[in-house]
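# Notes for the structure review
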Amino acid sequence: MEGNHEAIVSAETFDLVQEQMAARKPGNNRYSGVHVFSGMVYCGDCGSRYGSKVWHANDKYRKIIWQCNRKYAGTICRSPHLTDPQIEDIVMRAMSRLSDERDAIIRTAVMLRDTIYDTSALCAEQECVERELADATDQLTQAVLRNANVALDQAEHQQEMTALSARYQELQDRNTALKVAIIDKDNRRKRTDSFIRELRSLPQHAEKFDPVAFRILVERITVYDDKRAVVRFNDGTEIEA
Ligand SMILES: [Zn+2]
């Protein structure tokens, strides 16, 4: 369990570093080694992700399109296929509207970051549990030592050991749950913090699609049958574009 937490933390840190270090090259639609739209576009009909397909792979009309992954898996989704420039267009329109309301959105995001995603109460509780765990470990050790040095009633000793072990396990579980909750909140706080910084520096009328801004600001795009798309941003704001 311990190792897992560390893996989650370092993956998140890695992501943040990637965000901060990523070169903002126009026309380079890759992000952390994958296409910037990979895993970000969803079908409004069935909820599946959009995947990329290559059309005309072997001739001069070669192009990449995005469509519902379940399109040919028995379901008939009416959500349209989209090209990179069409998705970029949707994002640019939504970002421009986000930017129009940035002051209010930033105020709300700052409030979220500093209240709901604040981990200080959880951290204080986890410190308490850690101390209780240390006590429980001591009590277990003492009981084992007593049994080795003094002739105790073995039934009573067994009963005591069972109770102490149960208490220890309960604290251990609580400690793990708290650690997971702290990591989760911390990740949300970091994400919201990146969102706020990115939105502050977003140009009012951007002329080029910025893949880094896209990955920091946007949670997902949902595409509907009438070419209507809804962009959900990382603060929860949804904009139809
Ligand atoms: Zn679908």
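Residues numbered from 1 in each chain as written. Predicted model: local features only at pLDDT ≥ 70, side-chain atom pairs only at ≥ 80, totals over all residues.

## As for the overall build of the chain
Operational definition: Helix and strand assignments follow DSSP, with helices taken as H or I runs no shorter than four residues and strands as E runs no shorter than two, numbered in order from the N terminus. Think of it this way: build a C-beta for each residue from its backbone, and any pair within 7 Å is a contact.
For the chain, the count of helices and strands is six helices and nine strands. A sequence separation of at least 24 residues applies to 64% of the contacts in the chain between residues at least 6 apart.

## Examining the sheet that holds strand S7 (residues 218-223)
To keep it simple, the criterion reads: In this scheme, strands are said to pair when DSSP sees at least two bridges between them. For every element, the axis is a line fit to its C-alpha atoms; helices are fit only across the contacting stretch, and the angle between N-to-C directions ranges from 0 to 180 degrees.
Read across the open sheet, the four strands follow the order S3-S7-S8-S9; overall the sheet is mixed. The sheet is open, and its two borders are formed by strand S3 (41-43) and strand S9 (238-240), each paired with just one other strand. When the angles between neighbouring strand axes are averaged without regard to direction, this sheet yields 25°. The strands that helix H2 (residues 84-100) touches are S3, S7, strand S8 (229-233) and S9; relative to S8, the one it contacts most, it runs at about 55°.

## Let's talk about the sheet that holds strand S5 (residues 63-68)
Taking strand neighbours across the sheet as the criterion, the three strands line up as S4-S5-S6 in an open arrangement whose pairing is antiparallel. The open sheet is flanked by strand S4 (50-55) and strand S6 (82-83), the only strands paired with a single partner. Sheet topology note: the S5/S6 ladder contains two bridges and is antiparallel. By the bridge assignment, Ile 65 is partnered in S6 with Thr 83.

## So, the nonpolar core
Where we set the bar: Any set of buried Ala, Val, Leu, Ile, Met, Phe, Trp, Tyr and Cys residues joined through C-beta atoms within 7 Å is what this text calls a nonpolar core. Neighbour density around each residue's C-beta defines its exposure: 20 or more other C-beta atoms within 10 Å make it buried, 12 or fewer make it exposed, and counts between make it partly exposed, where C-beta atoms are placed from the backbone.
If you look at the biggest cluster of nonpolar residues, it comprises 30 residues, and the most contacted ones within it are Val 41, Ile 87, Val 91, Leu 217, Val 218, Ile 221 and Val 231. Counting residues per element, this core draws most heavily on H2, at six residues. When neighbours within four sequence positions are excluded, Leu 217 is seen to be in contact with Met 95, Phe 195, Glu 198, Leu 199, Phe 233 and Asn 234.

## A short note on the environment of His 205
By secondary structure assignment, the location of His 205 is in the loop between helix H5 (154-200) and helix H6 (211-217). Residues His 205 and Ser 96, spaced 109 residues apart in sequence, show a C-alpha to C-alpha distance of 6.4 Å.

## Examining the pairing of S5
Of the pairings in the sheet, the one linking S4 to S5 comprises six bridges and is antiparallel in character. Each residue of the ladder has a partner; that of Gly 51, found in S5, is Gln 67.

## Looking at H2
Stated precisely, the cut-off is as follows: Working rule for helices: expected span equals 1.5 Å times residues minus one. An arc is given here, and it is the one of the directions from the helix axis to the C-beta atoms.
With 17 residues, H2 should cover 24 Å at 1.5 Å per step; its first-to-last C-alpha distance of 24 Å lies within 8% of that length. When we look at burial in H2, the residues that qualify are Ile 87, Ile 90, Val 91, Ala 94, Met 95 and Leu 98. In an axial view of H2, the angular spread of the buried residues amounts to 125°, which keeps them on one side of the axis. Counted as exposed and oriented over 90 degrees from the buried face of H2: Pro 85 and Asp 100.

## Here we look at the confidence of the model for the chain
For clarity, the threshold we go by: Residue-level confidence of the predictor is summarised by pLDDT, bounded by 0 at the bottom and 100 at the top.
Looking at the chain as a whole, the pLDDT averages 87, with 85% of positions reaching at least 70. Per-element confidence in the chain ranges from a low mean pLDDT of 52 for helix H1 (residues 2-21) to a high of 97 for S8. Low confidence marks residues 1-6, where pLDDT is under 50. Its contacts with residues over four positions away, or in another chain, come to three contacts.

## Here we look at the packing of helix H4 (residues 120-149) against H5
Basically, it comes down to this: Just so you know how the angles are binned, under 35 degrees is roughly parallel, over 145 roughly antiparallel, 65 to 115 roughly perpendicular, and the rest oblique. By definition, any crossing whose near helix is turned counterclockwise from its far helix by less than a right angle is left-handed, and any crossing with a clockwise turn is right-handed. All residues other than Ala, Val, Leu, Ile, Met, Phe, Trp, Tyr, Cys, Pro, Asp, Glu, Lys and Arg, Gly among them, are scored as polar; the first ten of these are nonpolar and the last four charged.
Packing of H4 against H5 leaves a shortest axis separation of 9 Å and a crossing angle of 155°. Classed by the angle they form, the pair H4 and H5 counts as roughly antiparallel. Classified by chirality, the crossing of H5 by H4 is left-handed. Taken together, the residues that form the contact of H4 with H5 break down as 14 nonpolar, seven polar and eight charged.

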